[in-house]
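Chain by chain, the residues:
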Amino acid sequence: MANEKITSIDDCQFARIVNADDNQTVDMYLYASIGRAYDGVDAERFANELAWLSKYYKKINVHINSGGGQVMDGAFILLSKISTSM
């Protein structure tokens, strides 16, 4: 699933357009456990979506509400967010 090609926002599992009048902002929602071992958010999938979205949107809001999960996957998500912010 992580290797699926993203060609539009419709292919994104975590991203949603909240304000249709603002075509420069997108929101991503992580409302599950972090990591495939918990049947939760796939960190690689998230990073791929974030990288794709950063090409087309100036502002990406990330909303996280997670009960926990795998530390390494959480760190990977954090690092992917930091790297797209630079």
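Up top is the structure these notes are about.
Asker: Provide a residue-level description of the overall build of the protein chain, including the pertinent values.
Answerer: Per the secondary structure count, the protein chain includes 2 helices and 3 strands. The order of α-helices and β-strands along the protein chain, N terminus first, is β-β-α-β-α. Here the protein chain has a C-alpha radius of gyration of 12 Å; the compact-globule value for 86 residues is 12 Å, and the two agree. Across its three principal directions, the C-alpha atoms of the protein chain cover 35 × 25 × 25 Å. Counting all 86 residues of the protein chain, 33% fall into the buried class.

Asker: Mind laying out the pairing of strand β3 (residues 59-64), listing which residues take part and the relevant values?
Answerer: Looking at chain direction, strand β2 (residues 25-30) and β3 are connected through 6 bridges and run parallel. Residue pairing for β3: Y29 is matched across the bridge by H63. On the question of chirality, the crossover connecting β2 to the parallel β3 by way of helix α1 (residues 43-56) is right-handed.

Asker: Outline the sheet that holds β3, listing residues and values.
Answerer: Read from one edge of the open sheet, 3 strands run β1-β2-β3, paired in mixed fashion. Whereas interior strands pair on both sides, the edge strands pair on one side only; in this sheet they are β1 (15-16) and β3. The strands touched by α1 within the sheet are β1, β2 and β3, with β2 carrying the most contacts at an inclination of about 175 degrees.

Asker: Break down the packing of aromatic side chains for me, citing the residues and quoting the values.
Answerer: Pairs of aromatic rings are described using the distance from one ring centre to the other and the angle between the two planes. Within the structure shown, the criterion is met by 3 aromatic pairs. A centroid spacing of 5.7 Å and a plane angle of 80 degrees characterise the contact between Y29 and Y31, whose relative ring orientation is edge-to-face. By relative accessible area, Y29 is classed as partly exposed at 27%. Judged by its relative accessible area of 53%, Y31 is exposed.

Asker: Outline the pattern of salt bridges, listing residues and values.
Answerer: Between side chains of opposite charge, pairing is possible as soon as their charged atoms come close. For the structure shown, the criterion picks out 3 salt bridges. R45 serves as the salt-bridge partner of E49, at 2.8 Å between the closest nitrogen and oxygen. Of this pair, E49 and R45 both sit in helix α1, 4 residues apart, roughly one helical turn. The burial state of E49 is the same as that of R45; both residues are buried. Counted as one network, the salt bridges with shared partners bring together R36, D42 and E44.

Scoring rules and cut-offs
- Residues numbered from 1 in each chain as written.
- Predicted model: local features only at pLDDT ≥ 70, side-chain atom pairs only at ≥ 80, totals over all residues.
- Heavy atoms only, no water.
- Helix = DSSP H or I, 4+ residues; strand = E, 2+ residues; numbered from the N terminus.
- Rg over C-alpha atoms; globule rule 2.2 N^0.38 Å.
- Buried < 20%, exposed > 50% of the residue type's maximum accessible area, 1.4 Å probe, protein only.
- Pairing = 2+ DSSP bridges.
- Right-handed = clockwise from strand over helix to strand, strands pointing away.
- Contact = heavy atoms within 4.5 Å.
- Axes fitted to C-alpha atoms, helices over the stretch in contact; angles between N-to-C directions.
- Phe/Tyr/Trp six-rings, centres within 6.5 Å; stacked < 30°, edge-to-face > 60°.
- Salt bridge = Lys/Arg side-chain N within 4 Å of Asp/Glu carboxyl O.

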